[in-house]
Amino acid sequence: MEFSQKSELLSLTPRELEELLLSLGEPKYRAGQIFPQLHKGLSPEEMTNIGKLTRQRLSEATTYHLPRVKRKLVSALDGTVKYLFELSDGNCVESVLMQYEHGTTICISTQVGCNMGCRFCASTIGGKVRNLTPGELLGQVIAAGRDSGERIDGIVMMGIGEPLDNFDAVVRFLDLVNRPEGVNIGYRHISLSTCGLVDKIDRLAALRLPITLSISLHAADDETRSAIMPINRKYNIAALLAACKRYFEATGRRISFEYTLIAGKNDSREAAEQLALLLNRSLRTRTEGMPIHVNLIPVNEVKESGFQRSGAKAVKAFAAVLERNGIRATVRRTLGADINASCGQLRKETAESELHE
Ligand code: SAH
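Being a predicted model, the structure only gives us computed values, none of them experimental.

Q: Just checking my understanding: could you explain the site of the ligand for this structure?
A: Around the ligand sit 17 residues, and of these F120, S193, S216, H218 and N300 come closest. Here an oxygen atom of the ligand and a backbone polar atom of T194 are 3.3 Å apart. Residue N300 places a main-chain N or O atom 2.8 Å away from a nitrogen atom belonging to the ligand. Burial of the ligand by the protein chains amounts to 89% of its free accessible area of 530 Å². Contributing elements (two or more residues each) for the shell around the ligand: β10 (190-194) and β12 (255-261). Here the residues of the shell around the ligand sort into seven nonpolar, eight polar and two charged.

Q: Before we go on, may I ask you to explain the pairing of strand β6 (residues 103-107) in this structure?
A: It is a general feature of regular strands that their side chains alternate between the two faces of the sheet. For β6, the tally of buried residues reaches five of five residues, placing the bulk of the element in the interior. Where strand β5 (residues 92-100) meets β6, five bridges bridge the pair, whose relative direction is antiparallel. When the bridges of β6 are listed, L97 appears paired with I106. Here β5 hands over to β6 after two residues, the two strands then running antiparallel side by side. Examined bridge by bridge, β6 and strand β9 (residues 154-157) share three bridges and lie parallel to one another. Considered in β9, the bridge of T105 is made with G154.

Q: What is the right way to look at the side chain of H218 in this model?
A: Note that H218 resides in the loop between β11 (212-216) and α7 (222-228). You can call H218 buried: its relative accessible area is 4%. Among the polar contacts listed, one links the side chain of H218 to the backbone nitrogen of T260, at a separation of 2.9 Å.

Q: Whenever I open this one, helix α2 (residues 30-38) confuses me. Can you help?
A: Residues spaced three or four apart along an α-helix point in a common direction, a consequence of the helix completing one turn every 3.6 residues. For α2, the buried fraction is high: seven of the nine residues fall into the buried class. Of the residues making up α2, those classed as buried are R30, A31, I34, F35, P36, Q37 and L38.

Q: Explain the sheet that holds β6 here, please?
A: Two modes of strand pairing occur in sheets, parallel and antiparallel, and in both the strands are linked by backbone hydrogen bonds. The 10 strands are arranged β3-β4-β5-β6-β9-β10-β11-β12-β13-β14 in an open sheet whose pairing can be described as mixed. Two strands in the sheet have a free side with no partner beyond their single neighbour: β3 (68-74) and β14 (328-331). The average angle at which neighbouring strand axes cross in this sheet is 20°, direction not considered. Pairing geometry for β3 and strand β4 (residues 81-86), over six bridges, is antiparallel. By the bridge assignment, R71 is partnered in β4 with L84. Relative to strand β13 (residues 292-298), helix α10 (residues 312-324) is tilted by about 175°, and along the sheet it contacts β12, β13 and β14.

Q: What should I look at first to understand the pattern of salt bridges in this one?
A: Note on pairing: side chains with opposite charge can pair once their charged atoms come close. By the definition in use, this model includes 14 salt bridges. For E16, the salt bridge identified is with R172, shortest N-O distance 2.7 Å. Here the residue E16 occupies a position in helix α1 (residues 14-23), and R172 occupies one in helix α5 (residues 167-178), the gap between them amounting to 156 residues. By relative accessible area, which is 12% here, E16 ends up buried. Assessed through its relative accessible area of 28%, R172 is described here as partly exposed. In this structure, the salt-bridge partner of D175 is R179, at a minimum N-O distance of 3.0 Å.

About the cut-offs
- Residues numbered from 1 in each chain as written.
- Predicted model: local features only at pLDDT ≥ 70, side-chain atom pairs only at ≥ 80, totals over all residues.
- Heavy atoms only, no water.
- Near = heavy atom within 4 Å.
- Polar contact = N/O pair within 3.5 Å; in protein donor to acceptor, adjacent residues only side chain to side chain.
- Areas by Shrake-Rupley, 256 points an atom, 1.4 Å probe, with all protein chains shown as cover.
- Helix = DSSP H or I, 4+ residues; strand = E, 2+ residues; numbered from the N terminus.
- Nonpolar A, V, L, I, M, F, W, Y, C, P; charged D, E, K, R; others polar.
- Buried < 20%, exposed > 50% of the residue type's maximum accessible area, 1.4 Å probe, protein only.
- Pairing = 2+ DSSP bridges.
- Axes fitted to C-alpha atoms, helices over the stretch in contact; angles between N-to-C directions.
- Contact = heavy atoms within 4.5 Å.
- Salt bridge = Lys/Arg side-chain N within 4 Å of Asp/Glu carboxyl O.

If you want it as structure tokens, here you go:
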């Protein structure tokens, strides 16, 4: 490995850290001392058990930035914490810390902005600014853990950005965050949510990581889906569900589907019937026994989209149709309703208010 540019310490594997130390004239065993501390949130300068010269060499040859808490909102309703993190170049992303009965889960962002163009989503309005690095993905987990004092048990990649549009960094992050000598979060406690990049779903399946794949489906027919999710014009529903089936066959991991309910667009009883039929037909025929789970999410209203959330009655009826057809449906509990906790909105708001300052 070449270390011509300054290496970002939080993006390195233990092996790469060893090589870096060797290139700096340090013994490679020091990687075993340094790696766990980096992943606890300590910069080289803060490591008291490392000699001064080593710290100096590391600081000169590398960078270490944890995302900085720029804003923090705590829900009075359920303790959900939303962070606006500032990255080393001044760009901001959001992460949300959620408390569930079985532990604390963090929702992280994978890109600054997003290019996918989903019509209901706040994160995509200004397009994609850049990908996050593996160290910045990991940094959100470390920084939120340090700030909150919570042990983080699970991760969902459902924040700003399309994780599969930042494939290599995400895969490296998964490896890093899973390391026992680091943050040590099991793959089974990690979910990746995608709008449906079929080629990348296949690449992910080939890695056979036992993470949970979450598909943002949001419609059961191509016309409706293409109207709200431009990616559907490249990979339609049939292609997407075929990839889901291959993913399940390769990994044995269940796939969950996200379905955002938008009043008058995709929330009718017929739409629910069509969704049930579609999922049962495409996923259950050969793959007997694949558990299908649909998360129903009344859309968060974003002023630019003009979409409105479905009423409670429509949501209940929609869920009932799915259940009747053997599909588990849960209505997503709205966490942090008082702090605008759905991702993308805080970053946008902050950018807008800074423009007007
Ligand atoms: N790009 C990935 C992950 C980020 S979006 C994906 O598409 O899955 C995370 C989830 O939030 C997706 O299911 C997305 O469709 C949903 N979402 C985005 N904007 C929303 C809104 N305004 N209301 C409800 N859900 C929304």
